Amino acid sequence: MKKIWLAILTIACLLVLSSCGGDDKKPAKAEDPDSEQEETSDAEPAEDPTDTEEEPAEQPDENTTPENFNPENPGYFVEFMIIDVNMANQPQTMAIGYFMKAAREDLNPHSFDESTLDTCTFGEAVESVPQCASKDDCAPEQDCVPEYDDNGNAYPNSEHCETLGRESLDVGPVMISGFNGGPYQFAFEPGDQAYKLNGTGDGSIPGDMIAYGVDYTITGENMLPEDLTSLSATFTMPPSFAISEPAPQTNTAGGFGDIINVTPGEPLTIKWAGNNGFGYIDVNFVVMKSLMEQVSITCRMIDDGEFTVPAEFTSEMQLSQGGDSGNPFGDMLGMMNMITVNRHVESPITGKGITAGSFSAEQMVLYTLGNN
């Protein structure tokens, strides 16, 4: 589910290249007979303090692992994402989220193997392994399905067990602090069935709202369903991503961003302002050898500020000569040589009624790939 939403939002960011104080009142919640008890317990401490400590964690024990998940009492899954894209020096920022009834697959660990960190591979993404071959490999409420691209083509080896037919829910507004000028209210927008700033718009937010190097916190209290009463999560937004070495060169010929020059066949050391090793960064190099030949290389780096791409991979980054080659498509091919950087950091969302969830940030920066 997360993979699908992230792909949709990334595409939206790339398509929208121009920039686009809410009401803090929460919708009234139906009276809960437990509310008076809670007020009484605040005034008169419970005789058994153990009961008071356990109450906020009211969560089905069955849902602590996928194997013990109870689809009859699933709890809730929640995901909020802040997306910060810089393409051709034209920033686009979004913040969006959703709530759903939880599903067994929400409790699965991250799909990538940590052994792939600080490694490179040929291909557009770190190689995935199918999780299932048929419905028989899944729980009774799940089906075995692949992920699809925008054209309806299945990604190879992306088969996984998924609970189909889930809907995005309106559970009342949440607050997010950390943005410049915040905190801000995010509410359900029924058109796209997603949470957006003040519950309106297309998910875009003003670029100057984004603050870097600070903590972002999401909170919610007295939510609309009686079995979802609170949530919270905090992560630290990394510095604004920019490659410092090799020094980017101003691109005057057109393309997706400033030029990062590579010497084919020599190791390429990339440096940036790191996030103390928290989170990871995917860097994808696209090399257009010709109109019919493309090479893609992906490196997944620990976000510590430095990584060296081995020579065996840079040896494949010998670019075509653009317009000098006599190919009428040469200039176009030159513009398609690019480096896409995607930085990811997240924190789990917890709370009374929450089975699983995450609060995350994605920074995406595009550069043009060049040769020394």
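Overview of the structure. The structure presented is a predicted model; accordingly, all values stated were derived computationally and were not measured.

1. Comments concerning the overall build of the protein
What the protein contains, in helices and strands, is 5 helices and 19 strands. Across the 372 residues that make up the protein, the buried fraction comes to 43%. For the protein, the exposed surface amounts to about 19,000 Å²; the carbon and sulfur share of it is 50%.

2. With respect to the nonpolar core
Phe80, Ile82, Phe99, Phe179, Tyr216 and Phe359 are the most contacted members of the largest nonpolar core, which totals 32 residues. Taken together, the elements giving at least two residues each to this core come down to β1 (76–87), β2 (90–101), β6 (174–177), β7 (184–189), β8 (194–197), β10 (215–221), β11 (230–236) and β19 (354–371). If near-sequence neighbours (up to four positions away) are discounted, Ile82 is found in contact with Met94, Ala95, Phe179, Ile210, Tyr216, Phe235, Met237, Phe359, Ser360, Ala361 and Glu362. One finds Val262, Val287, Phe307 and Phe313 within the second-largest nonpolar core, a separate group that totals 26 residues.

3. Looking at the sheet that holds strand β12 (residues 243–245)
What the 3 strands build is an open sheet, ordered β12-β14-β17; its pairing is antiparallel. The open sheet has two edge strands with one neighbour each: β12 and β17 (306–309). Adjacent strand axes in the sheet meet at a mean angle of 35° when their direction is disregarded. Pairing of strand β14 (residues 268–272) with β17, which is carried by 4 bridges, proceeds in the antiparallel orientation.

4. As for the pattern of salt bridges
A complete count under the given rule lists 10 salt bridges for this structure. Of the charged contacts, one joins Arg166 and Glu105 as a salt bridge, the two residues approaching to 3.9 Å between their closest N and O atoms. Taken as a pair, Arg166 in the loop between β5 (160–162) and β6 and Glu105 in the loop between β2 and β3 (119–122) lie far apart in primary sequence, 61 residues in all. Judged by relative accessible area, Arg166 falls into the buried class, the value being 18%. Across the salt bridge formed by Asp192 and Lys196, the nearest N and O atoms sit 2.5 Å from each other. The class for Lys196 is buried, based on a relative accessible area of 0%. The network of salt bridges with shared partners includes Glu105, Asp106 and Arg166.

What counts, and where the lines are drawn
The residue numbers shown here count from 1 along each chain, following its written sequence. In keeping with the predicted nature of the model, local features appear solely for residues at pLDDT of at least 70, side-chain atom pairs appear and are counted solely at 80 or more, and the whole-chain, interface and lining totals rest on all residues. Calculation of side-chain values draws on the structure's entire complement of heavy atoms; hydrogens and water are dropped beforehand. By definition, any uninterrupted DSSP run of H or I lasting at least four residues is a helix, any uninterrupted run of E lasting at least two residues is a strand, and each is numbered from the N terminus. Note on classification: 1.4 Å probe, protein chains only; a residue is buried when its accessible area is under 20% of the maximum for its type, exposed when over 50%, partly exposed between these limits. The Shrake-Rupley method, run with a 1.4 Å probe, gives the accessible areas here. Residue values count only the displayed protein chains as cover. Each nonpolar core is a collection of buried residues, namely Ala, Val, Leu, Ile, Met, Phe, Trp, Tyr and Cys, held together in the definition by side-chain atoms within 4.5 Å. Whether two residues are in contact is decided by their heavy atoms, any of which lying within 4.5 Å being enough. The criterion for strand pairing is that DSSP finds at least two bridges linking the strands in question. Working convention: axes come from line fits to C-alpha atoms, limited for helices to the stretch in contact. Angles between N-to-C directions cover 0 to 180 degrees. Salt bridges are counted wherever a side-chain nitrogen of Lys or Arg sits within 4 Å of a carboxyl oxygen of Asp or Glu.

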